[in-house]
Amino acid sequence: LLSLAGQCDTLHVDILCLQETRFACDSNFVVARWLYVGCGPTSAGVGGVGFLISPRCRQSFVESEVCEEARIVRLKFTVFDVVGVYAPTRKDLSIQDEFFTKLSALVRTLRSDRYFILGDFNSDVFRASSRQSTFADILQSLSLRTVQSIAQRQNWTWTSSSNNASRTLDYICI
């Protein structure tokens, strides 16, 4: 985390969302003036979402809420909300459908136009399959669109270790 905080300082990033965190649930601590807020994985070692919040943004940070066990964390700031996600993989579509249903319900409770959703959606919105259609449908139903990360230097965010296939699975949604 110390290295990530340093990189965020260098890149002028104020909020960094992390997935597959290994810290204990509901962790809040300071590292190099940055606040870490998040939840760790389930007892089965699955999930985990966290944030690094810059000293500048810490001043307007109000609270955090774990909205789905080790999968969705909401940060509330004085004028906006940030939701970090780590979606289930496609191994069990019913679990993924349940995740997107809970995410949709949460988004409908947020302040009308002052939120961002970011993280690992484990879904490529630009490739056709029934699972990806669900993600694209959710984006459309919530009037969200994806934007590329300013730090993203290639057109993918994940590469398979077995066959070198590359996909974009991480998004910032506004």
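Residues numbered from 1 in each chain as written. Predicted model: local features only at pLDDT ≥ 70, side-chain atom pairs only at ≥ 80, totals over all residues. Heavy atoms only, no water.

## Some details on the overall build of the protein
Test applied: Helix and strand assignments follow DSSP, with helices taken as H or I runs no shorter than four residues and strands as E runs no shorter than two, numbered in order from the N terminus. Residues are treated as being in contact if the distance between any of their heavy atoms lies within 4.5 Å. Computed with the Shrake-Rupley method and a 1.4 Å probe, the accessible areas treat only the protein chains shown as cover for residues.
On a plain count of helices and strands, the protein comes out with 4 helices and 12 strands. Residue pairs at least 24 apart in sequence account for 54% of intrachain contacts in the protein once pairs closer than 6 positions are excluded. With an accessible surface of roughly 9,600 Å², the protein has 50% of that area assigned to carbon and sulfur atoms.

## Considerations on the packing of aromatic side chains
Our working rule: Any pair of Phe, Tyr and Trp rings, taking the six-membered ring for Trp, is counted once the centres come within 6.5 Å. Such a pair is stacked with planes under 30 degrees apart, edge-to-face with planes over 60 apart, and tilted for the rest. Each residue is assigned to one of three classes by its accessible area relative to the maximum for its type, calculated with a 1.4 Å probe on protein chains only: buried under 20%, partly exposed between the two thresholds, exposed over 50%.
The tally for this structure, following the rule as stated, stands at 5 aromatic pairs. With a centroid separation of 5.2 Å and an interplanar angle of 75°, the aromatic rings of Phe99 and Phe100 are classed as edge-to-face. Of the two residues, Phe99 and Phe100, neither departs from the other in class, the shared state being buried. Grouping aromatic residues by their ring pairs yields a cluster made of Phe61, Phe77, Phe80 and Phe116.

## Focus: the sheet that holds strand β3 (residues 34-39)
Quick reminder of the rule: Strand pairing is assigned whenever DSSP detects at least two bridges linking the two strands. Axis definition: a line fit to C-alpha positions, over the contact stretch in the case of helices; interaxial angles, taken between N-to-C directions, run 0 to 180 degrees.
Strands sit in the order β1-β4-β3-β2 across an open sheet of 4 strands; the sheet is antiparallel. Each end of this open sheet is capped by a strand with a single partner; those strands are β1 (15-19) and β2 (27-31). Strand-to-strand twist across the sheet, computed as the mean angle between neighbouring axes with direction ignored, equals 20°. Where β2 and β3 come together, 5 bridges link them in antiparallel fashion. Across the sheet, the residue bridging to Val31 is Trp34, located in β3.

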